[in-house]
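A structural walkthrough
Okay, here's what each chain looks like letter by letter:
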Amino acid sequence: ADTRRMFKPHWDSLVYAVVLIVGAIVVKKFLALPENREGLPGYFIFEVCVLFGPTFVLFHSVKDLINWRAMGLSIVMMWLISVIWEATLALPYGWWGFHKPMMLGIFIRGWSHLPIEEPILWTLAPWVTAMMYEAVRLFVSSQNSVRETLLGSKSGTSSATQV
């Protein structure tokens, strides 16, 4: 992998993030049930920022390093564990709760009114974890200077060997 410049903007991610955030605000203010329209969908906005921030900066550097089959298994396992914990134990028994004004206002009734943000989080957490792991691994294995690894060389070429 070319480690001469890890920070390469993935502009599509920025566009997706803005569209998702604007869409979430529209859903919250106009499409949610009236009793769920108070506040901003802060939890969803946080999820989008946590996902698309690192994706915007690192996606081009790590996309070829991700084991996509393992990623799929990680997502399935995250769903399984999280459904058992949150939907069948934590929410019904009151061990876990959510601040409704910070939610989108869409709840899964069959899972004890679990906010839709939670299954979204279960899907995104393995992606962000794998991407950050590969970015750190790429950074540590780089034989270039820190500046060159993160931002590239001033002249656009690197004298160091590539990993």
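Residues numbered from 1 in each chain as written. Predicted model: local features only at pLDDT ≥ 70, side-chain atom pairs only at ≥ 80, totals over all residues. Heavy atoms only, no water.

A word on the overall build of the chain. A count of helices and strands for the chain gives five helices and two strands. Ordered by position in the sequence, the α and β elements of the chain form the string α-α-α-β-β-α-α. Classification of the 163 residues of the chain by burial places 35% in the buried group. In the chain, once contacts between residues fewer than 6 apart in sequence are set aside, the share between residues at least 24 apart is 68%. (Helix = DSSP H or I, 4+ residues; strand = E, 2+ residues; numbered from the N terminus. Buried < 20%, exposed > 50% of the residue type's maximum accessible area, 1.4 Å probe, protein only. Contact = heavy atoms within 4.5 Å.)

It is worth spelling out a nonpolar patch on the surface at this point. On the surface, Leu73, Met77, Leu80, Ile81, Ile84, Trp85, Leu89, Tyr93, Trp95 and Trp96 cluster together to form a nonpolar patch covering roughly 1100 Å² of accessible area. Note on tryptophan 85: relative accessible area 35%, which makes it partly exposed. (Patch = residues over 30% accessible without salt bridge, like charges linked within 9 Å, V, L, I, M, F, W, Y side chains within 5 Å. Areas by Shrake-Rupley, 256 points an atom, 1.4 Å probe, with all protein chains shown as cover. Salt bridge = Lys/Arg side-chain N within 4 Å of Asp/Glu carboxyl O.)

Moving on, we get to the confidence of the model for the chain. Of the residues in the chain, 87% have a pLDDT of 70 or more, and the chain-wide mean is 84. When mean pLDDT is compared element by element in the chain, helix α1 (residues 11–31) scores highest at 92, while helix α5 (residues 146–151) scores lowest at 69. For residues 157–163, every residue scores under 50 in pLDDT, and the model assigns this stretch 19 contacts once sequence neighbours within four places are set aside. (pLDDT = per-residue confidence, 0-100.)

Helix length check: helix α2 (residues 42–62) (21 residues) gives 28 Å between terminal C-alpha atoms against 30 Å at 1.5 Å per residue, within 8%. Taken as a whole, α2 carries its principal kink of about 55° at phenylalanine 56. (Expected span 1.5 Å × (residues − 1). Bend = angle between axes of the 7 residues up to and from the residue.)

With 25 residues, helix α4 (residues 117–141) extends 35 Å between its outermost C-alpha atoms, agreeing within 8% with the 36 Å of an ideal straight helix rising 1.5 Å per residue. In α4, a bend of some 30° at leucine 124 exceeds every other bend along the element, and proline 126, a proline, comes one to four places later. Those residues of α4 not exposed but buried are Glu117, Glu118, Pro119, Trp122, Leu124, Pro126, Trp127, Val128, Met131, Glu134, Ala135 and Leu138. Buried residues along α4 sit against α2, α3 (68–90), β1 (107–108) and β2 (114–115).

The computed volume of the largest pocket comes to approximately 160 Å³. Along its surface, the largest pocket is lined by Leu65, Ile66, Asn67, Ala70, Met71, Ser74, Met78, Pro126, Ala130 and Glu134. Every element with two or more residues in the lining of the largest pocket is listed here: α3 and α4. Across the lining of the largest pocket, the residue classes tally to seven nonpolar, two polar and one charged. (1 Å grid on protein atoms, 1.4 Å probe; cavity = no way out; pocket = protein on both sides within 12 Å on 5 of 7 lines; lining within 4 Å. Points joined across faces, edges and corners; volume = space filled by probe spheres on them. Nonpolar A, V, L, I, M, F, W, Y, C, P; charged D, E, K, R; others polar.)

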